[in-house]
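# Tertiary structure, described
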Amino acid sequence: MADDQLSLVFSALADPRRRDIVARLAAGDATVNDLAEPYDVTVQAVSKHIKVLEDAGLVSRSRDAQRRPCHLEAEVFDLMTKWIERYRREAEERFRRLDALLEQMGEQSATGTQGKEAAS
């Protein structure tokens, strides 16, 4: 289930307009009309983008009298962060091993050069 949601989240965030909507919602709740304002597209088009974000669990809508504000669901970012962090740690470990190997090779090269100079 987590992998399916993760796929939905990354797919939803693949669109730059949806990433911008998420960034704007990070500053606070907003209506579809508010979110559609800076774009040269219809409110219906922005509503479709919000529906994709809702399906991914990134956004929810509530009812406040006549308003239906969109709200960013930050908990989903925890799922993404855990997934990214796991691979970041693995990459760092590979870099540490590579650094150690390069350092060892450098020491062997320096020792080999010193040995040749002493023999001449």
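Scoring rules and cut-offs
Residues numbered from 1 in each chain as written. Predicted model: local features only at pLDDT ≥ 70, side-chain atom pairs only at ≥ 80, totals over all residues. Heavy atoms only, no water. Helix = DSSP H or I, 4+ residues; strand = E, 2+ residues; numbered from the N terminus. Rg over C-alpha atoms; globule rule 2.2 N^0.38 Å. Buried < 20%, exposed > 50% of the residue type's maximum accessible area, 1.4 Å probe, protein only. Contact = heavy atoms within 4.5 Å. Areas by Shrake-Rupley, 256 points an atom, 1.4 Å probe, with all protein chains shown as cover. Lys, Arg positive; Asp, Glu negative; His and termini not counted. Charge placed at Lys NZ, Arg CZ, Asp CG, Glu CD. Phe/Tyr/Trp six-rings, centres within 6.5 Å; stacked < 30°, edge-to-face > 60°. Core = buried A, V, L, I, M, F, W, Y, C linked by side-chain atoms within 4.5 Å. Polar contact = N/O pair within 3.5 Å; in protein donor to acceptor, adjacent residues only side chain to side chain. Salt bridge = Lys/Arg side-chain N within 4 Å of Asp/Glu carboxyl O. Axes fitted to C-alpha atoms, helices over the stretch in contact; angles between N-to-C directions. Parallel < 35°, antiparallel > 145°, perpendicular 65-115°, else oblique. Nonpolar A, V, L, I, M, F, W, Y, C, P; charged D, E, K, R; others polar.

With an unreviewed UniProt entry as reference, the protein chain is termed ArsR/SmtB family transcription factor, source organism Streptomyces xiangluensis.

## Observations regarding the overall build of the protein chain
Secondary structure summary: the protein chain contains five helices and two strands in total. The C-alpha atoms of the protein chain give a radius of gyration of 25 Å, which is well past the 14 Å a tight globule of 120 residues would have. Each of the 120 residues in the protein chain was classed as buried or not, and the buried ones make up 22%. Sequence-distant contacts, at least 24 apart, represent 51% of the contacts inside the protein chain between residues at least 6 apart. Here the protein chain has roughly 8500 Å² of accessible surface; of this, 53% comes from carbon and sulfur atoms. Of the charged side chains in the protein chain, 18 are positive and 22 negative, and the gap between their average positions amounts to 5 Å.

## Observations regarding the packing of aromatic side chains
The full count for this structure, using the stated rule, is two aromatic pairs. Here the aromatic cluster, defined as three or more aromatic residues joined through ring pairs, consists of Phe10, Trp83 and Tyr87.

## Looking at the nonpolar core
Core analysis: the largest hydrophobic core is formed by 22 residues, its most contacted members being Ile21, Leu25, Leu35, Val46, Ile50 and Leu58. Mapped onto this core, the elements with two or more residues apiece are helix H1 (2–12), helix H2 (16–26), helix H3 (32–36), helix H4 (43–55), strand S2 (70–72) and helix H5 (75–119). The residues contacting Leu25, other than those within four sequence positions of it, are Ala30, Leu35, Val59, Cys70 and Leu72.

## Points about the environment of Arg97
Take Arg97: it is sitting in helix H5. Sequence separation of Arg97 and Asp40 is 57 residues, and the distance between their C-alpha atoms is 50 Å.

## Some thoughts on the side chain of Thr31
Mapped onto the fold, Thr31 is located in the loop between H2 and H3. From its side chain, Thr31 meets the backbone nitrogen of Asp34 in a polar contact 3.1 Å long. Apart from residues lying up to four places away in sequence, Thr31 is in contact with Arg67, Arg68 and Pro69.

## Some words on the pattern of salt bridges
This model, assessed by the stated rule, comprises seven salt bridges. Where Glu85 meets Arg88, a salt bridge forms, and the shortest distance between an N and an O atom there is 2.2 Å. Separated by three residues within a single helix, Glu85 and Arg88 lie in helix H5, roughly one turn from each other. Look at Glu85 and you get partly exposed, because its relative accessible area is 25%. The network of salt bridges with shared partners includes Glu85, Arg88, Arg89 and Glu92.

## Some thoughts on the environment of Gln104
Of note, Gln104 is situated in helix H5. Linking Gln104 and Glu73, residues 31 residues apart in sequence, is a C-alpha distance of 48 Å.

## Focus: the packing of H2 against H4
For the pair H2 and H4, interaxial distance at closest approach is 10 Å and the crossing angle is 75°. With respect to H4, the element H2 is oriented roughly perpendicular. Contacts between H2 and H4 involve Arg17, Arg18, Ile21 and Val22 on the former and, on the latter, Val46, His49, Ile50, Val52 and Leu53. Here the contact of H2 with H4 is composed, by residue class, of six nonpolar, one polar and two charged.

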